[in-house]
Amino acid sequence: ANVCSCSGGAAATGTACSSHGLAKCASCDAGRHKHNHACPLNTCTCAHGTGTTGAACPTHNTHVCASCSSGYDLLAAKTCRFRVCTCANGAEKRGAACGAHGQEQCR
């Protein structure tokens, strides 16, 4: 019986493998997804930051942040929030100029 090869998953075998040694995956490991018989790493997206990859990205092409751009904070939900301070008597600092979200900091 033919046995295929597969990086990042379980190789196809028997009738599912048309040629011995062919690169063809039957299933993929956690953090990977099926694409053209292969198992590439999952890659997530992130508005205002960098998306996670591999096991940190449970479903390919979903929104899960690993880190955020300057002026944004990474929240527990793995999203990025724009940092906005408060200012009781004027204009608040925003983004990178604001040290911590919700902190009293005027421009």
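Cut-offs and rules
Residues numbered from 1 in each chain as written. Predicted model: local features only at pLDDT ≥ 70, side-chain atom pairs only at ≥ 80, totals over all residues. Heavy atoms only, no water. Helix = DSSP H or I, 4+ residues; strand = E, 2+ residues; numbered from the N terminus. Rg over C-alpha atoms; globule rule 2.2 N^0.38 Å. Buried < 20%, exposed > 50% of the residue type's maximum accessible area, 1.4 Å probe, protein only. Contact = heavy atoms within 4.5 Å. Areas by Shrake-Rupley, 256 points an atom, 1.4 Å probe, with all protein chains shown as cover. Lys, Arg positive; Asp, Glu negative; His and termini not counted. Charge placed at Lys NZ, Arg CZ, Asp CG, Glu CD. Salt bridge = Lys/Arg side-chain N within 4 Å of Asp/Glu carboxyl O. Polar contact = N/O pair within 3.5 Å; in protein donor to acceptor, adjacent residues only side chain to side chain. Disulfide = S-S within 2.5 Å.

**Section: the overall build of the chain**
Looking only at helices and strands, the chain features 0 helices and 6 strands. Over its C-alpha atoms the chain spans a radius of gyration of 22 Å, topping by over 25% the 13 Å that the globule rule assigns to 107 residues. Taking the principal axes of its C-alpha atoms as reference, the chain extends roughly 80 × 15 × 15 Å. Here the chain holds 107 residues, and the buried ones make up 26% of them. Taking the intrachain contacts of the chain between residues at least 6 apart in sequence as the baseline, contacts between residues at least 24 apart amount to 9%. Accessible surface, the chain as shown: approximately 6,300 Å² in total, 52% of it carbon and sulfur. Counting 9 positive and 4 negative side-chain charges, the chain places the averaged centre of each group 9 Å from the other.

**Digging into the pattern of salt bridges**
Enumeration according to the criterion identifies 2 salt bridges in this entry. Across the salt bridge formed by Arg83 and Asp73, the nearest N and O atoms sit 2.9 Å from each other. With Arg83 in the segment after strand S6 (80–82) and Asp73 in strand S5 (residues 72–74), this residue pair connects regions lying 10 residues apart in the sequence. The pair formed by Arg83 and Asp73 is uniform in burial state, with each residue classed as buried. Across the pair Glu92 and Arg94 runs a salt bridge whose closest N-O atoms are separated by 2.8 Å.

**Brief notes about the environment of Ala56**
Inspection of the secondary structure assignment puts Ala56 in the loop between strand S3 (49–51) and strand S4 (65–68). C-alpha of Ala56 to C-alpha of Ala1: the two residues are 55 residues apart in sequence and 36 Å apart in space.

**Section: the environment of Thr50**
Note on placement: Thr50 falls in strand S3. If we skip the residues at most four places from it in the chain, Thr50 touches Val64, Cys65, Ala66 and Ser67.

**Notes on the side chain of Glu92**
Tracing the chain through its elements places Glu92 in the segment after S6. With relative accessibility at 18%, the residue Glu92 sits in the buried group. Within polar-contact distance, the side chain of Glu92 engages the side chain of Arg94 at 2.8 Å. In this view, Glu92 contacts Val84, Cys85, Thr86, Cys87, Gln105 and Arg107; residues no more than four positions away in its chain are not counted.

**Some points on the side chain of Asp73**
For Asp73, a relative accessible area of 19% puts it in the buried group. Apart from residues no more than four positions distant in its own chain, Asp73 is found in contact with Cys68, Thr79, Cys80, Arg81, Arg83 and His101.

**A word on the state of the cysteines**
According to the stated counting rule, one finds 8 disulfides in the structure shown. Residue pairing for Cys46: its cysteine sulfur links by disulfide to Cys65, the two sulfurs lying 2.0 Å apart. Across the S-S bond of Cys46 and Cys65 the torsion is about 95°, and the bridge reads as right-handed. Pair noted here: Cys46 is in the loop between strand S2 (25–28) and S3 and Cys65 is in strand S4, with a separation of 19 residues, a long-range link. Here Cys46 matches Cys65 in class, with each residue buried. The disulfide partner of Cys85 is Cys98, and the gap between their sulfur atoms is 2.0 Å. Handedness here is read from the sign of the S-S torsion; for Cys85 and Cys98, about 95°, the answer is right-handed.

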